[in-house]
Amino acid sequence: MDFNITAREEALLLRIREHLHAGSTPREDDLAAELGDEVRGQVRSLGTRGWLVVRPAPDGTVYVEGLSSLAESALSNRRDVGDQ
């Protein structure tokens, strides 16, 4: 797992975690509509690097099934992030 992520990737992970905790499995298209097209590459990169569990959708895009256990742990240890 690559432990180096940018602030934008961390913010995306936090947003995805919000979706997942609300019972939603966000699709790449949904995240792009909400946050901009640049998240498409970030979602796939975070999946490849072990931060996200992504699955292919029938239309060729991907959806986020979950955060990896290490990503959950890393984010939960960041007490200063997302508490605003």
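Residues numbered from 1 in each chain as written. Predicted model: local features only at pLDDT ≥ 70, side-chain atom pairs only at ≥ 80, totals over all residues. Heavy atoms only, no water.

Digging into the overall build of the chain
In step 1: Each helix and strand in the chain was counted, giving four helices and two strands.
In step 2: The order of α-helices and β-strands along the chain, N terminus first, is α-α-α-β-β-α.
In step 3: Within the chain, buried positions represent 37% of all 84 residues.
In step 4: Taking contacts inside the chain between residues at least 6 apart in sequence as the whole, the part at least 24 apart equals 53%.
In step 5: Of the roughly 5,000 Å² of accessible surface on the chain, 49% is carried by carbon and sulfur atoms. (Helix = DSSP H or I, 4+ residues; strand = E, 2+ residues; numbered from the N terminus. Buried < 20%, exposed > 50% of the residue type's maximum accessible area, 1.4 Å probe, protein only. Contact = heavy atoms within 4.5 Å. Areas by Shrake-Rupley, 256 points an atom, 1.4 Å probe, with all protein chains shown as cover.)

A word on the environment of G47
In step 1: In this structure, G47 sits in helix α3 (residues 39–48).
In step 2: With 19 residues separating them in the primary sequence, G47 and G66 have C-alpha atoms 9.8 Å apart.
In step 3: Other than its neighbours up to four places away in sequence, G47 contacts L52 and V54.

Side note on the nonpolar core
In step 1: By size, the foremost hydrophobic cluster in this structure holds 17 residues, and its most contacted members are L13, I16, V43, L52, V64 and L67.
In step 2: For this core, the secondary-structure elements that each account for two or more residues are α1 (7–21), α2 (28–35), α3, β2 (62–67) and α4 (69–76).
In step 3: Ranked by the residues each element gives to this core, the list is headed by α1, at five residues.
In step 4: Leave out the neighbours within four places in its chain, and V64 touches I16, L20, T25, P26, L31, V43, L52, V53 and V54. (Core = buried A, V, L, I, M, F, W, Y, C linked by side-chain atoms within 4.5 Å.)

Some points on the side chain of E28
In step 1: As for its position among the elements, E28 is in helix α2.
In step 2: With a relative accessible area of 4%, E28 lands in the buried category.
In step 3: Once residues lying within four places of it in the same chain are set aside, the contact partners of E28 are R40, R44, T61, V62 and Y63.

Re the pairing of strand β1 (residues 52–56)
In step 1: Strand direction decides the pairing type here: β1 and β2, joined by five bridges, are antiparallel. Its bridge partner lying in β2, V54 is registered against V64.
In step 2: Taking the residues between adjacent antiparallel strands as the criterion, β1 and β2 are bridged by five residues, where G60 takes a positive phi near 95 degrees. (Pairing = 2+ DSSP bridges.)

Section: the pattern of salt bridges
In step 1: Considering all chains together, one arrives at 10 salt bridges under this definition.
In step 2: Measuring nitrogen to oxygen at the nearest pair gives 4.0 Å for the salt bridge that ties R40 to E28. Residue R40 is found in helix α3, and its partner E28 is found in helix α2; the two are separated by 12 residues along the sequence.
In step 3: Since its relative accessible area comes to 29%, R40 is described here as partly exposed.
In step 4: Of the charged contacts, one joins E28 and R44 as a salt bridge, the two residues approaching to 2.7 Å between their closest N and O atoms. Within this pair, whereas E28 is found in helix α2, its partner R44 is found in helix α3, the two being separated by 16 residues in sequence. (Salt bridge = Lys/Arg side-chain N within 4 Å of Asp/Glu carboxyl O.)

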